[in-house]
Number of protein chains: 2
Amino acid sequence: MSAPADHEQPIRRATVVGTGLIGGSIARALRERGWRVSGVDSDDARTSRALELGVVDEVGYDPEAELTFVATPVGQITDAVKDALAHTAGVVTDVGGVKASVVDAIDDPRFVGGHPMAGSEQEGVDGATADIFDGAVWVLTPVAGTDPGAFTLVRSTVASFGAEVVEVAPERHDQLVAVVSHVPHLTAAALMRLASTRAEEQGGLLRLAAGGFRDMTRIASGHPGIWPDICESNRAAIVQTLDELVAALREMREVVDASDRSRLLGALGEARRARNTLPARSSRPSELVEVRVPIQDQPGELSGVTTLATDLEVNIYDIEIDHAAESTRGLLVLVVAADMAERLIGGLMARGYRPTSRPLE
Amino acid sequence: MSAPADHEQPIRRATVVGTGLIGGSIARALRERGWRVSGVDSDDARTSRALELGVVDEVGYDPEAELTFVATPVGQITDAVKDALAHTAGVVTDVGGVKASVVDAIDDPRFVGGHPMAGSEQEGVDGATADIFDGAVWVLTPVAGTDPGAFTLVRSTVASFGAEVVEVAPERHDQLVAVVSHVPHLTAAALMRLASTRAEEQGGLLRLAAGGFRDMTRIASGHPGIWPDICESNRAAIVQTLDELVAALREMREVVDASDRSRLLGALGEARRARNTLPARSSRPSELVEVRVPIQDQPGELSGVTTLATDLEVNIYDIEIDHAAESTRGLLVLVVAADMAERLIGGLMARGYRPTSRPLE
């Protein structure tokens, strides 16, 4: 994307802990944008490989790192974040698929929980590419104690990768990924095993599996190694969602068994409408508007505004806080799509804010 | 593809009953290969549109039709096949997604049941294209009473569309499509409704749905109108498969609830292996090699070799076992792509086999 920083600007520095597919891709995205990146991994062979591939500039914690990304497996994140916080005075974020357990365990204003909703069936640093976050949603889960400056740094950095940043409370994130990621994965695996068993009984006829079945079971081809940690960390939400899915399938069974055509059409029609309104993976709209919101410069104000935007389904493409010197007031600047600005302004006014807006040149 | 038949050859004639997406695509595929195609539909507007688009040459049953394809909705197929048999002395085949109910109802040597495993989220004749069958599996379900000449005509015609023809008993087809098509569809719909409900409760966060969820629910975006007939015609197999899936998901729930890491890894690993051995939708490579492997003719030998091929990512296009008479030895013949043969041979030799190879003419 942008050229490396020229000699006028200080070089920005980051550490990536866990140099697998996601960590490696973050390192590549940072380096493409001029950052100097150091890599840390519990496995020396992985950092060596990352160095050899030019994914990182050096190995080890960079004490000068402005930002450290923790991209270890889910079960190791809490300890890795604590280590990272101890090694630098900078900001630390993670990329784990479950958020409440980590965010609850780390009580530090310099930590911002995160989860890029991007992945691949590939594994390891050899599959790392700088562009996997382009157009992907990157969830951030700041809490009341999060330093607004730390949040803004993480947000602007991952937005520079082309990601759409969505801010969500950690528990809400975990509830949602149970239904859009974890349970679908377990279901794809269950379907795949069922089909495999039946095909074995009936003579290897999985050739009958057409595109729809391939699409549905594609995620089951990923490496299983990450799942025990994820299922353990997000157990309650996964168990609840599996119960709900089982109930829904038992209902489907009754409908089919009774040949209840109208209920079947109703259920499938509802699913179709929901599927067709699934938000598209999108890039920045061409017309953007800056919405400027005077706020009290205090914890909670920032997350109050960004959570409102999320609830209104208004996507924030950029965010900035201007702190007025010697004052408890600040100015929050939000960049949103031109056609969504009025909705956001309406919501903000309803909450007692006094926003103004102007087109972004 | 090929040019229309020249004047030396008689023009081949076909009727397509039901000029929707699949019927229209068959008509286009036939016309591209020089056939004269007549279209029949209960809805005059659809035949007019098919005529206007050049999908068919004329409207109405062609009494001279050598072959009639019935591509109506599943619930109308039996009657439509009977009509077609009454209108011509030629061969009749259908493309319905459920086979036993139709095949059982039609006792005529001129009828061959069929089911192309190709589809699209599109609907109607406007989406019809000649190439949707290229590389797809086309199931045919001849029974004891089927005329061999009728079967050969249908087989060669659909093979000329580029389809891979697979012959299966009707009941076996229905069992398999319940698990690779019907229940996956109902499951995708159930998951989509669940996600939609949860997102509504929690503020429209379906933006968190990444590629895996989109892949899994894509089939739920299709038109629900075809499903009541399919579910009614294949009720027993669908209900049984839903019961099995519910049992599998309840087992997953117990495993997650108990944090039973090794059982979870076992289940997901099994699903992954099955997914990775799902036969690819692909045309056969142009250069094929026969790898001949002498084996002990005993259980486990075959799966040992094919699992090795899978581990080596060598796709097997054809497989045959020659059992030596009066001997415990056999010869396994594997057909693989020419550029993968050496990899397979290397792997086999490393396991103590003595394979030989020769190009397939």
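Keep in mind it's a predicted model, so treat the numbers as computed, not measured.

Caption draft 1: Here's a closer look at the nonpolar core. Ranked by size, the top nonpolar core spans 126 residues in total, and within it Leu-186 and Leu-208 of chain A together with Leu-186 and Leu-208 of chain B carry the most contacts. With sequence-adjacent residues up to four places away left out, Leu-186 of chain A is seen in contact with Cys-231, Ile-238 and Leu-242 of chain A together with Met-252, Val-256, Leu-264 and Leu-268 of chain B. One finds Ile-26, Trp-138, Val-336 and Leu-348 of chain A within the second-largest nonpolar core, a separate group that totals 54 residues.

Caption draft 2: Fine view of the packing of helix H9 (residues 235-257) of chain A against helix H6 (residues 170-201) of chain B. Between H9 of chain A and H6 of chain B, the shortest axis-to-axis distance is 10 Å and the interhelical angle comes to 130 degrees. In terms of orientation, H9 of chain A lies oblique with respect to H6 of chain B. Crossing of H9 of chain A against H6 of chain B: the hand is right-handed. Contact residues: H9 of chain A offers Gln-240, Thr-241, Glu-244, Leu-245, Ala-248, Leu-249, Glu-251, Met-252 and Val-256 of chain A, while H6 of chain B offers Leu-186, Thr-187, Ala-189, Ala-190, Leu-191, Arg-193, Leu-194 and Arg-198 of chain B. The residue inventory of the contact of H9 of chain A with H6 of chain B, partitioned by class, reads 10 nonpolar, 3 polar and 4 charged.

Caption draft 3: Layout of the interface of chain B and chain A. Contacts between the two partners involve 94 residues from chain B, matched on the other side by 98 residues from chain A. In total, about 9,200 Å² of surface goes out of reach between chain B and chain A, with carbon and sulfur atoms giving 67% of it. When the area that chain B buries against chain A is broken down by residue, the three leading residues are Arg-198, Arg-207 and Leu-208 of chain B, summing to 10%. Our count for the contact surface shared by chain B and chain A stands at 12 salt bridges. One salt bridge connects Glu-232 of chain B with Arg-261 of chain A, and the closest N-O pair in it is separated by 2.9 Å. Counting the contacts that link chain B with chain A gives 26 residue pairs in polar contact (both at pLDDT 80 or more). Elements supplying a minimum of two residues to the side of chain B that touches chain A: strand E8 (137-140), strand E9 (164-167), H6, helix H7 (211-217), helix H8 (227-233), helix H9 (235-257) and helix H10 (261-276) of chain B. Of all the elements, H6 of chain B adds the most residues to the side of chain B that touches chain A, at 24 residues. Grouping the amino acids of the side of chain B that touches chain A by side-chain chemistry returns 52 nonpolar, 19 polar and 23 charged.

Caption draft 4: Quick peek at the environment of Arg-198 of chain A. By secondary structure assignment, the location of Arg-198 of chain A is in helix H6 (residues 170-201). Excluding residues that lie within four positions of it along the chain, Arg-198 of chain A makes contacts with Gln-175, Leu-176, Ala-178, Val-179, Gln-240, Thr-241 and Glu-244 of chain B. A polar side-chain atom of Arg-198 of chain A sits 2.9 Å from the main-chain carbonyl oxygen of Gln-175 of chain B. One polar contact links Arg-198 of chain A to Thr-241 of chain B, side chain to side chain, over a distance of 2.8 Å.

Caption draft 5: View of the sheet that holds E8 of chain B. Residues and elements named next belong to chain B. Taken together, 3 strands build an open sheet; the order of strands is E7-E8-E9 and the sheet is mixed. Strands with a single pairing partner mark the edges of an open sheet, and in this sheet they are strand E7 (114-116) and E9. Each adjacent strand pair in this sheet contributes to an overall mean axis angle of 20 degrees, direction not counted. For E7 and E8, the ladder comprises 3 bridges, and the chain directions are antiparallel. Across the sheet, the residue bridging to Gly-114 is Leu-140, located in E8.

Caption draft 6: Expanded view of H9 of chain A. The terminal C-alpha atoms of H9 of chain A, which comprises 23 residues, lie 32 Å apart, in line with the 33 Å expected from a rise of 1.5 Å per residue. Along its buried surface, H9 of chain A packs onto H6, helix H8 (227-233) and helix H10 (261-276) of chain A together with H6, H8 and H9 of chain B. Ser-259 of chain A lies just past H9 of chain A and shows a positive phi near 50 degrees.

Caption draft 7: Region of interest: the pairing of strand E1 (residues 13-17) of chain B. All names here are of chain B. Here E1 lies mainly inside the structure; 4 of its 5 residues are buried. Across 5 bridges, E1 lies against strand E2 (residues 36-40) in parallel orientation. Across the sheet, residue Ala-14 finds its bridge partner in E2, namely Val-37. In this view, the connection linking E1 to its parallel neighbour E2 by way of helix H1 (residues 21-32) has right-handed handedness. Sheet topology places E1 next to strand E4 (residues 67-70); 4 bridges connect them, and they run parallel. In the strand pairing of E4, Ala-14 is matched with Leu-67.

About the thresholds
Residues numbered from 1 in each chain as written. Chains lettered and ligands numbered in written order. Predicted model: local features only at pLDDT ≥ 70, side-chain atom pairs only at ≥ 80, totals over all residues. Heavy atoms only, no water. Core = buried A, V, L, I, M, F, W, Y, C linked by side-chain atoms within 4.5 Å. Buried < 20%, exposed > 50% of the residue type's maximum accessible area, 1.4 Å probe, protein only. Contact = heavy atoms within 4.5 Å. Axes fitted to C-alpha atoms, helices over the stretch in contact; angles between N-to-C directions. Helix = DSSP H or I, 4+ residues; strand = E, 2+ residues; numbered from the N terminus. Parallel < 35°, antiparallel > 145°, perpendicular 65-115°, else oblique. Left-handed = near helix turned anticlockwise from the far one by under 90°. Nonpolar A, V, L, I, M, F, W, Y, C, P; charged D, E, K, R; others polar. Buried area = accessible area lost by both parts, 1.4 Å probe. Salt bridge = Lys/Arg side-chain N within 4 Å of Asp/Glu carboxyl O. Polar contact = N/O pair within 3.5 Å; in protein donor to acceptor, adjacent residues only side chain to side chain. Pairing = 2+ DSSP bridges. Expected span 1.5 Å × (residues − 1). Right-handed = clockwise from strand over helix to strand, strands pointing away.

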